[in-house]
Amino acid sequence: VTGTDKLEEALSKLAGQHHWETFTWPSLGKFYDDIPGTIHVRPMTGEEEQILATPRFVKRGKAIDMIFQRCIQENIPTEKLLSADRTHLLIYLRGISYTPEYDVEIKCPECGIKFSTVIDLNMLDVEECPENFSGESLTGTLPASGFQYTYRLSTGTDEQEISQYRDRKIQKWGDQSEDDTLLYRTAMLLEEIEGVTMTKEIQHLLKRLPIADVAHLRNEISIP
């Protein structure tokens, strides 16, 4: 947009105030071939806030990637980012764009009473990827059945696919259909379990596994 001299002068001043901060992924970039372990990001502006407020972007799962692509200095395929890295970056952008103080409402699991508190985003613990952890470490043994399995870490593309899977089920069966999204997510991220490799077959197998095994997989694999 080209406007008056005063507008152009104000925009020029804003451009000069852009401050890029150094940001390191919790994964340390160990699982990427084309994404550096350290990038540079800037705070969000009114344009990025408008993206978050646009329902069609949010519903299509595009809003977060649109914001990342605008706020990251490097040109990277943000949809390939691990879910854990995406979550951490989103919290980081919230802190530097607004304020580190984040108001939340918490419900006591014992008495059910709700109360408000403030979380300092700068004080959150960030657990970085251990030095000896790699793609070859993504294996395990189920506690009840003893089945061997291998898995991969979820990415932004996976999260979008899961959202679309949920929408497809609702469109086909309505709100009365059982919600098997978590089971589907686990099956999608499992590359093999006791020799079974097809996602649909893995999903069927998960339904027959002892609940202790399913909970184990969900805790290890399905948490972003």
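Residues numbered from 1 in each chain as written. Predicted model: local features only at pLDDT ≥ 70, side-chain atom pairs only at ≥ 80, totals over all residues. Heavy atoms only, no water.

### A word on the pattern of salt bridges
How we decide: Here, a salt bridge means any Lys or Arg side-chain nitrogen found within 4 Å of an Asp or Glu carboxyl oxygen. Runs of H or I in DSSP of at least four residues are treated as helices and runs of E of at least two as strands, each being numbered from the N terminus. For each residue, the accessible area found with a 1.4 Å probe, counting protein chains only, is set against the maximum for its type, and the residue is called buried under 20%, exposed over 50%, and partly exposed in between.
Within the structure shown, the criterion is met by seven salt bridges. Here Glu-47 makes a salt bridge to Arg-70, at a shortest N to O gap of 2.7 Å. Of this pair, Glu-47 sits in helix α2 (residues 46–52) while Arg-70 sits in helix α4 (residues 63–71), and the two are 23 residues apart along the sequence. Judged by relative accessible area, which is 51%, Glu-47 ranks as exposed. Of the charged contacts in the structure, one is a salt bridge between Arg-70 and Glu-48, with a shortest N-O distance of 2.7 Å. Separated by 22 residues along the polypeptide, Arg-70 in helix α4 and Glu-48 in helix α2 bring together distant segments of the chain. Arg-70 gets classed as partly exposed once you look at its relative accessible area, which sits at 35%. Taking relative accessible area as the criterion, Glu-48 reaches 0% and is therefore assigned buried.

### Here we look at the pairing of strand β2 (residues 38–41)
Keep this limit in mind: DSSP bridges decide pairing: two strands pair if at least two such bridges lie between them.
Here β2 shows one buried face, formed by Ile-39 and Val-41, and one open face, formed by Thr-38 and His-40. Summarising the sheet, strand β1 (residues 21–24) and β2 pair through four bridges and their orientation is antiparallel. Note that in β2 the partner of Thr-22 across the bridge is His-40.

### What about unusual backbone geometry?
Although it is not a glycine, Leu-28 sits at a positive phi angle of roughly 65 degrees. Looking at the element boundaries, Leu-28 is found in the loop between β1 and β2. Classification of Leu-28 by relative accessible area gives partly exposed; the value is 25%. Within the chain, Glu-194 stands out as a residue other than glycine whose phi angle is a positive 50 degrees. By the secondary structure assignment, Glu-194 is in the loop between β7 (190–193) and α8 (199–208). Given a relative accessible area of 44%, Glu-194 falls into the partly exposed group.

### Observations concerning the packing of aromatic side chains
Which entries qualify depends on this criterion: Stacked, tilted and edge-to-face pairs are distinguished by plane angle, under 30 degrees for stacked and over 60 for edge-to-face with tilted covering the rest, among Phe, Tyr and Trp rings (Trp via its six-membered ring) whose centres lie within 6.5 Å. Each ring is checked for a lysine NZ or an arginine CZ that lies within 6 Å of its centre and within 35 degrees of its normal; such an atom marks a charge sitting over the ring.
For the structure shown, the criterion picks out five aromatic pairs. Between Phe-23 and Trp-25 the ring centres are 5.2 Å apart and the planes differ by 85 degrees, which places this aromatic pair in the edge-to-face class. Pair check on accessibility: Phe-23 and Trp-25 agree, each one buried. On the numbers, 3.8 Å between centres and 5 degrees between planes, the contact of Tyr-165 with Tyr-184 is stacked. With Tyr-165 in helix α6 (residues 156–173) and Tyr-184 in helix α7 (residues 181–189), this residue pair connects regions lying 19 residues apart in the sequence. Using a relative accessible area of 13% as the deciding quantity, one classes Tyr-165 as buried. Taking the relative accessible area as the measure of exposure, Tyr-184 reaches 11% and is therefore buried. Linked through ring pairs, Phe-23, Trp-25 and Tyr-92 together constitute an aromatic cluster. Above the face of the Phe-57 ring, Arg-56 is positioned so that its terminal group lies 4.7 Å from the ring centre.

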